[in-house]
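# A closer look at the structure
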Amino acid sequence: MSSVSGGRFDAAWLPVEAFRAVGVRRVGVRGEGGVVESVRREVREVCGWFGGREVGGGEAELVLEVGEVGLGDEEFLFEFDGERAGVRASGGVGLLYGFFHVVRLGEGAFEGPVRSELHSPALPLRMVDHWDNVAVHPVMGQVERGYAGGSVFWADGEARGDFGRVRAYARLLASCGINAVAVNNVNVHAVEARLLTERIGEVAQIAGVLREYGIRTHLSVTFAAPIVLGGLTTADPLDADVREWWAGAVRGVYEAIPDFGGFVVKADSEGQPGPFAYGRSHADGANMLAAALAPYGGTVHWRAFVYDHRQDWRDRTTDRARAAYDHFAPLDGEFAEGAVLQVKHGPMDFQVREPVSPVLGALPRTRFAVEVQATQEYTGQQRHACWLGPMWSEVLTFRPHGEQGPSVGELASELVAVSNVGDDPFWTGHPLAQANLYTFGRLAWQPSADPLDVLDEWLRLTFGDGDLGGLRTLLAGSWAAYEKYTAPLGVGFMVQPGHHYGPSVDGYEYSPWGTYHFADRDGVGVDRSVATGTGYAGQYGPPWASVYESVESCPDELLLFFHHVPYGHVLKSGKTVIQHIYDTHFEGVEEAEEARRVWAGLKGVVDAERFARGAERFEEQVRSAREWRDQVNSYFFRKSGVPDERGRVIY
Ligand code: GCV
């Protein structure tokens, strides 16, 4: 645990030992100002730990140098000539990324030779969105869907006075390449609305700390701000007074934060105000804000999470999965340059298994960001170990137009994660959930990266070079294990309403939220085919529209997302649907028990506090997995009357 200011907190993947290879050497830092000073501070600190030193002249073994190398701001060159390692960049941010590259390589940075290797991020913006409220919300708490304590930015109703913790967080983010942070919840409540105007000074304080690590600050704003803050009678995006009001508000923001990144907007979604109230389109709304931000180079991130959350479950013509495409695909080409459409990776809401959103293949003329959820709202809420690297990688490597076409990672302009971090001493509640934040950053830097390589990096940095094979296997399989003991075959939800933790098979079955599985005595699943269902499968282009349309070609793991089938339907695996449900639920629990056993074996290897936190979480994971198994299996046994082939206990 570090005990620098901001309270005691875990060093995560940057423990002292991770810096040994740099800290024992003679290091030269060449350049001045801004982020270069952060690099210099890092070098001095780590050399202080290990006996190395900052040197000038030619005696350096590692040179970190800013110069005229003709690179982009975030790029760097790395080389090792047999004696000396070097990082060269055009500016401080590239130098900082180069420094962390050397840290990641450890002694490997001083083996070679390596000739002038260029490193550049594939995506220019790599952002975490905090769903943090300034004031504690009566239902959602301080951090909406937060499972790691209070906010890292806000405490006692205002920006934290002590920024030690924010600085440590910025350092962690920069070390895995994250360069943008939205500091408040997309559901903008009354107190938080004022961050845009009279409380912008507090945002500026946070921005000042994040800037030291090359991170730009973004703010979630309410579309109704001209009314709630400006006293206007309308927020109509085409109204001249409204546009003028926003122009003035943005001017004030940039006076306080000259490098402000821009706005994040959740409009016409789950009760948030938006342009529909004025008969305007989402392009009208986004473009109005883009115009206000344009003189300063800011961006509006406009979320595509727009659907009817007041649905009648009896109405079989409305399908929530269709909503984002129906709203936004027709607007392709209508968004201004400074607007980025922020699209959730799946059509529903961060379930453990969803198809890739068809919207991602339908925006050839729109800048878009893919939004993933590091906070584990539907994947165990940081009480369960669930490493999401393979899920995100599947999304980023999916090719919406077939094998010959580009991947999502190539089509997207940006990658955004809902943050899983709070003021918890371990940052993320479950110490192993730190791997999700790290993996997000590294995949945003290089979406085609093998997530297992990223996991190895994280393990090595966090725990050192010991034998971590068991932990690696545990984490590598943890998403699959979670999927096994929760909602089967892509059908989704089946969670407790409201807080979304733990099983409730019919929890959302008759609710207004549009999240149904339609299980009856004969079968289960949602018919989303064009031929007989909601037509959602037709939102994909070739080849996926036909792959998903037919029961025969639909992949097993998505079968119940796209089709309603009898319990006796035989999967490609050769099992019936009902037997698959029974088997996977028993297996999932066994895997959770095995994970608990692996963690128990790390006693004495992992430091005591982290070990204790993990042990407590694995107890809960096993308890919860059994709860899921028994409820899901009993539910389907009672519905179908089909016994388990293997005669195991089903309640
Ligand atoms: C911030 C889901 C979550 C909400 C969240 C919403 C969103 O519905 O349950 O808490 O609101 O997604 O992404 O806007």
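Quick caveat: nothing in here was measured; it's all calculated off a predicted structure.

## Considering the site of the ligand
- Around the ligand there are 14 residues in total, and E144, K266, R303, K344 and E377 lie nearest to it.
- In the environment of the ligand, an oxygen atom lies 2.9 Å from a nitrogen or oxygen atom belonging to the side chain of R145.
- Within the side chain of R303, one N or O atom sits 2.7 Å away from an oxygen atom of the ligand.
- Calculation on the ligand without its partners gives an accessible area of 340 Å², and the protein chains cover 97% of this total.
- Grouping the amino acids of the shell around the ligand by side-chain chemistry returns three nonpolar, three polar and eight charged.

## Quick word on the pattern of salt bridges
- In the structure shown here, the tally under the stated rule is 50 salt bridges.
- The shortest N-O distance in the salt bridge between E594 and R597 comes to 2.9 Å. Residue E594 and its partner R597 are both found in helix α19 (residues 577–600); the two are separated by three residues, about one turn of the helix.
- Exposure remark for R597: the relative accessible area of 54% places this residue in the exposed category.
- R613 serves as the salt-bridge partner of E616, at 3.9 Å between the closest nitrogen and oxygen. Placement of the pair is E616 and R613 together in helix α20 (residues 608–640), with a separation of three residues, close to one helical turn.
- Taking the relative accessible area as the measure of exposure, E616 reaches 43% and is therefore partly exposed.

## Some remarks on the packing of aromatic side chains
- Enumeration according to the criterion identifies 36 aromatic pairs in this entry.
- Their ring planes at 80 degrees and their centres at 5.2 Å tell us that Y97 and W445 sit as a pair that is edge-to-face. A residue pair is termed long-range when its members are at least 10 positions apart, and Y97 in helix α3 (residues 92–105) and W445 in helix α13 (residues 434–445) qualify at 348 residues. Each member of the pair, Y97 as well as W445, carries the same accessibility label: buried.
- Relative to Y485, the ring of Y482 lies with its centre 5.3 Å away and its plane at 65 degrees, an arrangement referred to as edge-to-face. Of the two residues, Y482 and Y485 both sit in helix α16 (residues 478–485), three residues apart, roughly one turn of that helix.
- Ring pairing ties together the aromatic residues F398, Y536, Y540, W544, Y548, F561 and F562, which thus form one cluster.
- Here R320 stacks its cationic end above the ring of Y307, 3.8 Å away from the centre of that ring.

## Observations concerning the sheet that holds strand β12 (residues 180–182)
- A barrel is described by the order of its strands in space; here eight strands give the closed sequence β7-β12-β13-β14-β15-β16-β17-β18, paired in parallel fashion. The mean inter-strand angle of the sheet, taken between neighbouring strand axes irrespective of direction, is 25 degrees.
- The pairing of strand β13 (residues 216–220) with strand β14 (residues 262–265) spans three bridges and is classified as parallel. What sits directly across from L219, in β14, is F263.

## Considering α16
- Among the eight residues that make up α16, six are buried, leaving the element largely enclosed by the rest of the structure.
- Those residues of α16 that sit buried are S478, W479, A481, Y482, E483 and Y485.
- In this structure, the buried side of α16 is in contact with α11 (389–397), α15 (469–476), α19 and α20.

## Remarks on the UniProt feature "domain: Glycosyl hydrolase family 67 C-terminal" (unreviewed entry) in the protein
- Those places that UniProt annotates as "domain: Glycosyl hydrolase family 67 C-terminal" (unreviewed entry) correspond, in this numbering, to residues 428–648.
- In residues 428–648, the share of helix is 49% and the share of strand is 2%. The end C-alpha atoms are 37 Å apart.

## Let's talk about the UniProt feature "domain: Glycosyl hydrolase family 67 catalytic" (unreviewed entry) in the protein
- According to UniProt, the "domain: Glycosyl hydrolase family 67 catalytic" (unreviewed entry) feature falls on residues 118–427.
- Each end of residues 118–427 is marked by a C-alpha atom, and these two atoms are 32 Å apart; helix forms 26% of the span and strand 17%.

## Notes on unusual backbone geometry
- Note that the residue after G112, namely P113, is joined by a cis bond; omega there is 0 degrees.
- Looking at where P113 falls in the secondary structure, it is placed in the loop between α3 and β6 (114–119).
- A cis geometry characterises the amide bond from P542 onward to P543, with omega recorded as 0 degrees.
- Mapping P543 onto the fold places it in the loop between β19 (523–524) and α17 (544–549).
- At W427, a residue that is not glycine, the phi angle is positive and equals roughly 70 degrees.
- Here W427 lies in the loop between β18 (414–418) and α13.
- Relative accessible area serves as the criterion here: at 3%, W427 is assigned to the buried category.

The rules we used
- Along each chain, residues carry numbers from 1 onward, in the same order as the chain's sequence is written.
- Two thresholds apply to this predicted model, a pLDDT of at least 70 for residue-level local features and 80 or more for giving and counting side-chain atom pairs, whereas whole-chain, interface and lining totals are computed over all residues.
- Hydrogens and waters are ignored; side-chain quantities use all the structure's heavy atoms.
- We call a residue near a molecule or strand when any one of its heavy atoms sits within 4 Å of it.
- Side-chain atoms alone can form a polar contact between residues adjacent in sequence; in general such a contact is a pair of N or O atoms within 3.5 Å, and within protein one must be able to donate a hydrogen while the other accepts it.
- Residue-level accessible areas treat just the shown protein chains as cover; the underlying method is Shrake-Rupley with a 1.4 Å probe.
- Each residue gets one of three labels, nonpolar for Ala, Val, Leu, Ile, Met, Phe, Trp, Tyr, Cys and Pro, charged for Asp, Glu, Lys and Arg, and polar for the others, Gly among them.
- Whenever a carboxyl oxygen of Asp or Glu lies within 4 Å of a side-chain nitrogen of Lys or Arg, that contact is scored as a salt bridge.
- Counting from the N terminus, the helices are the DSSP runs of H or I reaching at least four residues and the strands are the DSSP runs of E reaching at least two.
- The cut-offs for exposure are 20% and 50% of the maximum accessible area for each residue type, with area from a 1.4 Å probe on protein chains only; residues under the lower value are buried, those over the upper are exposed, and the others partly exposed.
- For this analysis, a ring pair means two rings from Phe, Tyr or Trp (six-membered ring only for Trp) whose centres lie within 6.5 Å, classed as stacked if their planes differ by under 30 degrees, edge-to-face if by over 60, and tilted for the remaining angles.
- Placement of a positive charge over a ring is assigned whenever Lys NZ or Arg CZ falls within 6 Å of the ring centre and within 35 degrees of the normal to the ring plane.
- Here the rule is simple: two strands pair whenever DSSP picks up at least two bridges between them.
- Axis definition: a line fitted to C-alpha atoms, limited for helices to the stretch in contact. Angles are taken between N-to-C directions and run from 0 to 180 degrees.
- Should any heavy atoms of two residues lie within 4.5 Å, those residues are counted as being in contact.
- UniProt positions are given in the numbering used here, feature names are shortened, and annotations may be inferred rather than shown by experiment.

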